[in-house]
Amino acid sequence: MTGAMNNRAQLAKDLEAFPVRWKPGQRMSELTSLAVGGPADVVVIEDPQCLPDVGHFFRSKGIPWRLLGGGSNLLVRDEGLRSIALQLAPERNGVRFDGPRVEISAAASLGAAVTRCAKNNLGGIAGLVGVPGTVGGALHMNAGAYGTQIGEFVKAVKVFRGSTGEIEVLKPEGIRFEYRQTSFAADDIMLSVTLELIERPYERIVERIKQCNQKRRASQPISEKSAGCIFKNPPGYSTGKMIDDLGMKGLRVGGAMISDRHANFIVNRQEATASDIFRLMDVMRERVGKSFGVELEEEVIVWRESP
Ligand code: EPU
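Overview of the structure.

Conventions and cut-offs
- Residues numbered from 1 in each chain as written.
- Predicted model: local features only at pLDDT ≥ 70, side-chain atom pairs only at ≥ 80, totals over all residues.
- Heavy atoms only, no water.
- Helix = DSSP H or I, 4+ residues; strand = E, 2+ residues; numbered from the N terminus.
- Rg over C-alpha atoms; globule rule 2.2 N^0.38 Å.
- Buried < 20%, exposed > 50% of the residue type's maximum accessible area, 1.4 Å probe, protein only.
- Contact = heavy atoms within 4.5 Å.
- Areas by Shrake-Rupley, 256 points an atom, 1.4 Å probe, with all protein chains shown as cover.
- Near = heavy atom within 4 Å.
- Polar contact = N/O pair within 3.5 Å; in protein donor to acceptor, adjacent residues only side chain to side chain.
- Nonpolar A, V, L, I, M, F, W, Y, C, P; charged D, E, K, R; others polar.
- Salt bridge = Lys/Arg side-chain N within 4 Å of Asp/Glu carboxyl O.

So, the overall build of the chain
Broken down by element type, the chain carries seven helices and 20 strands. By the compact-globule yardstick of 19 Å for 307 residues, the chain fits well, its C-alpha radius of gyration being 20 Å. Principal-axis analysis of the C-alpha atoms gives the chain an extent of 55 × 50 × 30 Å. Counting the 307 residues in the chain, one finds 49% classified as buried. Here the analysis covers contacts within the chain between residues at least 6 apart in sequence; of these, 67% occur between residues at least 24 apart. When the accessible surface of the chain is split by element, carbon and sulfur atoms take 47% of a total near 14500 Å².

So, in C-alpha cells, the structure goes:
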C-alpha cells in the first residue's frame with residue numbers, strides 16, 4: 001500500500017463523488033479464469049465518461065491503477081496488488097450497427113459480440129467466437145484465432161489515455177497491430193471500437209462459428225481453468241508442439257499442470273497458486289530454450305508488481 005492508500009475508508013468516501021463502485025479486497029482468483037492471485041481493491045466504472053475525472057483524482061492522490069478486463073488472459077501474483085484494479089461495468093446496449101460497420105463497447109464479451117454481428121449478417125470475425133474475455137482486452141493485445149486477428153477489422157477506437165487523462169478517438173493508421181501486441185499503452189483504457197465487417201448470410205457465418213468451436217473443443221482444454229496459451233509462438237515454431245515433443249504434457253508443479261490436451265496451456269487442477277504457475281512456466285522456458293534454442297515470450301499478461 002502506498003501512503004495515500006493507507007486510509008481506504010477515506011478513499012471509499014472520496015470515490016462517492018464519482019459514478020463508480022468501490023469493492024475493496026477482491027480476490028483476483030475469483031476475477032480471473034486461471035483462478036489464482038491475491039487481493040486487490042477494485043473500482044468499477046459505471047459511466048466511462050467519468051474516466052478523465054477519476055484518472056485525475058487518482059493522479060492527484062498518487063494512487064496507481066491498472067485496468068482489469070475480463071480476466072481471461074491474466075496471471076496475478078499471490079501477494080495481490082498494491083494498485084487499484086479499474087474495471088468497466090458491462091454495458092447493456094453495447095453494440096450499435098451502421099451498415100457493415102459496428103460500434104461495440106469495450107466491456108462487451110467478445111464471443112457475444114461475434115454472435116450479435118452474425119445475427120445482423122456481419123461476418124469475418126467468426127474465428128474469434130471462442131476467445132474468452134472482453135472486446136477491449138481482445139483489442140489491447142490484438143487477439144487472434146483461426147486466421148483472424150481483430151486488428152484487421154478496426155476502423156476507429158475510442159480510448160481513455162492514462163498518460164494524458166483525455167478521451168481520444170484513434171484511426172487505424174494511428175495504431176500498430178501485430179501478433180498478440182499493439183501500440184496501446186498499459187494504461188490506455190479502451191471504451192469502444194468500430195469494426196468494419198463483411199456482409200454475409202447468417203447461415204454461412206454460423207457454419208464457420210461451428211467449425212471453429214469444434215476445432216477449439218478438440219484441441220484446447222476449454223472447460224478447465226486456464227488463461228489460454230501461456231507463451232506466444234516464436235516465429236516459425238509452435239510452442240504447443242515443442243512442449244508436447246518434449247513429453248511435458250501432464251507435468252505438474254503443485255496444483256498447476258501442463259494441459260494434456262494442449263501443451264501451451266497451463267491448467268489449474270487443484271487450487272494452484274500463482275507461484276506454482278510461475279515455477280511451471282520457468283521449467284517450460286528452460287526446457288524449450290535448451291532443446292530448441294528459442295526463448296519463449298509470455299502471451300499471458302502477468303501482474304507481478306512488488307508491494
Ligand atoms: N500441437 C501439438 N501438441 C500440442 C499443441 C499443438 O502437437 O499440445 C501442434 C498441433 O497439432 C498443430 C500445431 O501444434 O500442428 C499448432 O497448434 P494449434 O493449431 O493448436 O495452434 P497453436 O499455434 O498452438 C494458436 C494460438 C491460439 C489459437 C489457435 C487457433 C498462439 C500462442 N496460440 O495456437 O491462441 O486459439 O492458434 O488459431 O498464438 C491464445 O491466444 O490464448 C490461444 C490459445
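What to know about the site of the ligand
Surrounding the ligand, one finds 21 residues, the nearest of these being Tyr146, Tyr179, Cys229, Asn233 and Asp244. Side-chain polar atom of serine 238 to an oxygen atom of the ligand: 3.1 Å apart, as the coordinates give it. In the model, an oxygen atom of the ligand is placed 3.3 Å from a nitrogen or oxygen of the lysine 249 side chain. For the ligand, whose accessible area on its own is 830 Å², the fraction buried by protein is 70%. Considering each element in turn, the shell around the ligand owes the most residues, three residues, to helix 6 (residues 239-245). The class makeup of the residues in the shell around the ligand is seven nonpolar, seven polar and seven charged.

Here's the deal with the pattern of salt bridges
This model, assessed by the stated rule, comprises 17 salt bridges. Salt-bridge contacts for glutamate 196 lead to arginine 101; the nearest nitrogen and oxygen are separated by 2.8 Å. Of this pair, glutamate 196 sits in strand 15 (residues 188-196) while arginine 101 sits in strand 7 (residues 101-105); the two residues are 95 residues apart in sequence, bridging distant segments of the chain. One salt-bridge network, in which partners are shared between bridges, spans Asp282, Arg285, Glu298 and Arg304.

Some thoughts on the environment of phenylalanine 18
As for its position among the elements, phenylalanine 18 is in the loop between helix 1 (8-14) and strand 1 (20-27). Considering only alpha carbons, one finds phenylalanine 18 and cysteine 50, 32 residues apart in sequence, at a separation of 7.0 Å. Not counting residues within four places of it along the chain, the set of residues in contact with phenylalanine 18 comprises Asp53, Val54 and Phe57.

A short note on the side chain of asparagine 268
For asparagine 268, the position within the fold is in strand 19 (residues 266-268). At a separation of 3.4 Å, a polar atom in the side chain of asparagine 268 contacts the main-chain amide nitrogen of glutamate 271. In terms of polar contacts, asparagine 268 uses its side chain to reach the backbone amide nitrogen of alanine 272, at 2.9 Å. For asparagine 268, the residues in contact, after removing those within four places along its chain, are Leu34, Ala35, Val36, Lys225 and Gly255.

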